Amino acid sequence: MGFLLPTLFGVFLLFTATPPSLSQLPPEIDPPAPAPISPSELCNGIFLSYTFILGRQIPPNDTTDQPYRFESVLTVLNNGREELKEWRVFVGFQHHEILTSATDAIIVNGTDLPAPVGNGTIFAGYPVSDLKTAIQTAGDLKQMTATIELVGTQFKVTPPAIPMPSNISLVNDGWSCPEPTPTPLSKREITTCCIRDPSIIVNTTTITDKFLPRQPGDLTIMYDVIRSYDQNYLAEVTMENHNPLGRLDHWELSFDWMREEFIQKMQGAYPTVVDATKCIFGPQSQIYTGLDFADVLTCERRPIIVDLPPTKAEDPILGKIPSCCRNGTILPRTMDPSKSASVFTMQVSKMPPDLNRSALFPPQNWRIKGTLNPDYSCGPPVRVSPTLYPDPSGMPINKTSFASWQIVCNITHAKTETPKCCVSFSAFFNDSIIPCNTCACGCVSETRRTCSAATPSLLIPPDALLVPFENRTSLTVAWNALKHKTIPNPMPCGDNCGVSVNWHVATDYRGGWTARITIFNWGEIDFPDWFLAVQMKKPAIRGFEKAYSFNASLLSVEGGVNNTIFMEGLPGLEYLVAERDELDPKKNLRVPGKQQSVIQFSKKLTPGINVPERDGFPAKVIFNGEECLLPDVLPIASGGRRNGLDTMVLLCMVIFVVALVI
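Parameters and conventions
Residues numbered from 1 in each chain as written. Predicted model: local features only at pLDDT ≥ 70, side-chain atom pairs only at ≥ 80, totals over all residues. Heavy atoms only, no water. Helix = DSSP H or I, 4+ residues; strand = E, 2+ residues; numbered from the N terminus. Buried < 20%, exposed > 50% of the residue type's maximum accessible area, 1.4 Å probe, protein only. Core = buried A, V, L, I, M, F, W, Y, C linked by side-chain atoms within 4.5 Å. Contact = heavy atoms within 4.5 Å. Phe/Tyr/Trp six-rings, centres within 6.5 Å; stacked < 30°, edge-to-face > 60°. Salt bridge = Lys/Arg side-chain N within 4 Å of Asp/Glu carboxyl O. Pairing = 2+ DSSP bridges. Axes fitted to C-alpha atoms, helices over the stretch in contact; angles between N-to-C directions. Disulfide = S-S within 2.5 Å. Polar contact = N/O pair within 3.5 Å; in protein donor to acceptor, adjacent residues only side chain to side chain.

### So, the environment of Asn551
With respect to the helices and strands, Asn551 occurs in strand S33 (residues 550–555). By relative accessible area, which is 38% here, Asn551 ends up partly exposed. Note: C-alpha distance between Asn551 and Ser597 (46 residues apart in sequence) is 9.7 Å.

### Here we look at the nonpolar core
Within the largest apolar cluster, 38 residues are counted, with the highest numbers of intra-cluster contacts made by Trp503, Trp513, Ile517, Ile519, Leu532 and Phe623. Apart from residues no more than four positions distant in its own chain, Ile519 is found in contact with Val499, Ser500, Val501, Trp530, Leu532, Phe550, Leu576, Gly593, Lys594, Gln595 and Phe623. Ranked by size, the runner-up nonpolar core spans 32 residues in total, among them Leu253, Ile263, Met346 and Tyr376.

### Notes on the packing of aromatic side chains
For the structure on display, the rule yields 19 aromatic pairs. Ring centres 6.3 Å apart and planes at 50° place the aromatic pair Phe70 and Phe93 in the tilted group. Taken together, the residues Phe70 in strand S2 (residues 67–78) and Phe93 in the loop between strand S3 (88–91) and strand S4 (98–102) connect sequence positions 23 residues apart. Here the two residues Phe70 and Phe93 agree in accessibility, since each one is buried. Between Phe544 and Phe601, the ring centres sit 6.1 Å apart and the planes meet at 70°, which makes this aromatic pair edge-to-face. Of the two residues, Phe544 is situated in strand S32 (residues 544–547) and Phe601 in strand S38 (residues 593–602); the sequence distance between them amounts to 57 residues. With respect to class, Phe544 is no different from Phe601; both count as buried. An aromatic cluster is present here, built from Tyr223, Tyr233, Phe255, Trp257, Trp366 and Trp405 joined pairwise through their rings.

### As for the pattern of salt bridges
For the coordinates displayed, the defined rule picks out 19 salt bridges. One salt bridge connects Lys339 with Asp529, and the closest N-O pair in it is separated by 3.7 Å. One end of the pair, Lys339, is in the loop between strand S18 (304–307) and strand S19 (341–349); the other, Asp529, is in the loop between strand S30 (527–528) and strand S31 (531–535), and 190 residues separate them in sequence. Residue Asp581 is joined to Arg590 by a salt bridge in which the shortest nitrogen-to-oxygen separation is 2.8 Å. A single network of salt bridges, built from pairs that share partners, joins Glu83, Lys85 and Lys132.

### A look at the sheet that holds strand S28 (residues 499–509)
Ordered by their spatial adjacency, six strands build an open sheet running S27-S26-S28-S29-S38-S32, and the pairing between neighbours is mixed. Of all strands in the sheet, those bounded by a partner on one side alone are strand S27 (430–434) and S32. With direction set aside, neighbouring strand axes in the sheet form an average angle of 20°. In the sheet, S32 pairs with S38 via three bridges, with the strands oriented antiparallel. Each bridged residue has a counterpart across the sheet, and for Ala547 the counterpart in S38 is Ile599.

### A closer look at the state of the cysteines
Inspection of the entire model under this criterion finds ten disulfides. Between Cys439 and Cys443 runs a disulfide, and the two sulfur atoms are separated by 1.8 Å. Across the S-S bond linking Cys439 and Cys443, the dihedral sits near -90°, which makes this disulfide left-handed. This pair shows no difference in class: Cys439 is buried, exactly as Cys443 is. Between the sulfur atoms of Cys441 and its disulfide mate Cys497 the distance is 1.9 Å. Torsion about the S-S bond of the Cys441 and Cys497 cystine: about 95°, corresponding to right-handed handedness. With Cys441 in the loop between S27 and helix H6 (445–448) and Cys497 in the loop between helix H7 (473–482) and S28, this residue pair connects regions lying 56 residues apart in the sequence.

### Some words on the environment of Pro310
When you line up the elements, Pro310 lands in the loop between S18 and S19. Considered as a pair, Pro310 and Cys324 are 14 residues apart in the sequence and their alpha carbons are 8.1 Å apart. Dropping the residues within four chain positions of it, Pro310 is found in contact with Cys325 and Asn327.

### Considering the sheet that holds strand S5 (residues 105–107)
Read across the open sheet, the four strands follow the order S5-S7-S3-S9; overall the sheet is antiparallel. Edge positions in the sheet fall to S5 and strand S9 (168–170), since each of these pairs with one other strand and no more. Shown here is a sheet whose adjacent strand axes are inclined to one another by a mean of 30°, direction ignored. Sheet topology note: the S5/strand S7 (residues 121–125) ladder contains three bridges and is antiparallel.

### Focus on unusual backbone geometry
Apart from glycine, the bulk of residues carry a negative phi angle, and the bulk of peptide bonds sit in the trans form. Omega for the bond connecting Pro352 with Pro353 falls within 30 degrees of zero, at 10°, which places this linkage in the cis form. Within the secondary structure layout, Pro353 lies in the loop between S19 and strand S20 (364–369). Although it is not a glycine, Lys156 adopts a positive phi angle of roughly 75°. By the secondary structure assignment, Lys156 is in the loop between strand S8 (145–155) and S9. Its identity as a non-glycine residue notwithstanding, His484 has a phi of 60°, on the positive side. Along the chain, His484 falls in the loop between H7 and S28.

### A word on the environment of Gly625
Turning to its location among the elements, Gly625 is positioned in the loop between strand S39 (620–623) and strand S40 (626–627). A relative accessible area of 12% places Gly625 in the buried class. Measuring from C-alpha to C-alpha, the distance between Gly625 and Asn373 comes to 5.5 Å, with 252 residues separating the pair along the chain.

### Quick look at the side chain of Thr606
With respect to the secondary-structure elements, Thr606 resides in the loop between S38 and S39. Among the polar contacts made by the side chain of Thr606, one reaches the main-chain carbonyl oxygen of Ser602 at a distance of 3.3 Å. Setting aside anything within four residues of it in sequence, one finds Thr606 in contact with Pro539, Arg542 and Gly543.

### Quick word on the pairing of strand S29 (residues 512–521)
Across the ten residues of S29, nine count as buried, placing the element largely inside the fold. Two strands pair when backbone bridges link them, and S28 and S29 are joined in this way by ten bridges, in the antiparallel orientation. Each bridged residue has a counterpart across the sheet, and for Asn502 the counterpart in S29 is Thr518. Between S28 and S29, which pair antiparallel one after the other, the connecting turn spans two residues. One ladder, built from ten bridges, connects S29 with S38; its direction is antiparallel. Considered in S38, the bridge of Ile517 is made with Ser597.

### With respect to the pairing of S31
Burial of S31 is extensive: five of the five residues sit out of reach of the surface. Neither face of S31 is left uncovered, since the one carrying Phe531, Ala533 and Gln535 and the one carrying Leu532 and Val534 both have all their residues buried. Taken together, the five bridges between S31 and strand S34 (residues 564–569) define a ladder with antiparallel strand orientation. In the strand pairing of S34, Leu532 is matched with Met567. Where S31 lies against S39, four bridges are found, and the strand directions are antiparallel.

By themselves, these figures tell us nothing about what the structure is for.
Following this line, the structure appears as structure tokens:
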């Protein structure tokens, strides 16, 4: 026993003194890999991301054009040093997407949802449109970030393929965004970091600025709150025309209430439908229990507002508003500055949780249109500095509105738009009229069953210009038969334009040339204070001298130098009446309203001008702001000689046909 204990103790010392082998050591634990840095953390500007969440097939089952639901998230994060006011982001959708839902954002051009966005669209924040900086908020992401959840339908991109947009970018002035890139760990997300472009000089705002500067546009709308109460406010709406060739006739203004507001009273304008039914059967009646809704003008979510007639201008209840009550006519300032704006007021009642004086929200998705005028695309309301008003007491001071928003509208020139007026050509060297193009202003499907929308229009005799299209068939057939022209079956459809313009080259001599221009109104609406603008090729425009029956002058538009002849009626001739019945009831014909003048040109400054060719015909014709469709061909010179016998035969034939028609 005495021997065993020392032996065991020695063995113990041996094992404890010998270092363990490598195989006996516990495995080393590697330190955790650092988390990948988020792309947003590397951005010192405006960070944008588009993340695809999910997609699935939806009915109907169609292998050629299968629809799929998609859900995605657009994120806008302000990591810069300046507040981003009225943010706007372009998303380059490219798979025929139809957007059905967008949280906390609206489409900038005012399109209602669901909306086709397959060519891309621009989003703006609503109701919060400004993103503050981390410096202003101590890093509060709720005030720095806008998160927009998007839901819609896309076509042909079958899961698991991912329908990503082609681009995302910030479209606010002065910002530059590189091409977006996918995140390293996912093909479902693309990101980009937008920074200030030093080469672009803009009116930037500092950290202390409250409002954005007012922006130019073809037409601007001001939404000014001039009185504010807990349950309602009084707003003044001012529409101003800034385009020298833009105008509106019988304007119609529409917008969307986003917070269940309704219009109680108006002055200077009126809704097209007076109806409080939606308030009576909606939540408004539960809040305004003591209100007589019979006195409420409209509870429509999207009311349509129109101007009042001049007879209501002095009405103490409906009128008494400066610049109101002109039947919806807004002229360019070049014609009459006093008629270039239209104003009305409306009392707007609010709903919870906005029942306090400072809770003020303008309506969204503004649209404005006229009877025969260009199309306008309007942006969202932008908060600007309060509007100044002269003090009504006559004191040399100004009063301000409580809050002001600006809506900027610009004339659109989409290729898909259907013209509303057209032009015909004629000349002294050819006895045929080249009429307006077939279906120049569109053709309805019912009409195409009896005529051809694809067949070019046929030449017509001069007398047919004054005859409505539906009554000129006999004249046209006889004229083309005499000209040995093939008469198609079915005949080409008409132009279907409410207004047409005939440009006739009347003379061409050594020292100058003249053109006769005639405006026809085939519609049912009169045009007071009409105007016509003609743009010529550069050689011809320099020779313009005067118009005999119109008030005409040269005007600079689109950056050109006096490149447009602007014409309006002289006193007593400024009214283009609508189409009316013939005074003789036996003729049973309609007669268009007509205005005509001769325009004189000199060749002194335009040597070598070729009048019979393109130089003598306009490159663009604009009536009341609407660009008219020009013919595809020009009159052809007949060599300066006409056969006297042919001319006599033609004249007799036309007289005979006209007699049959009458």
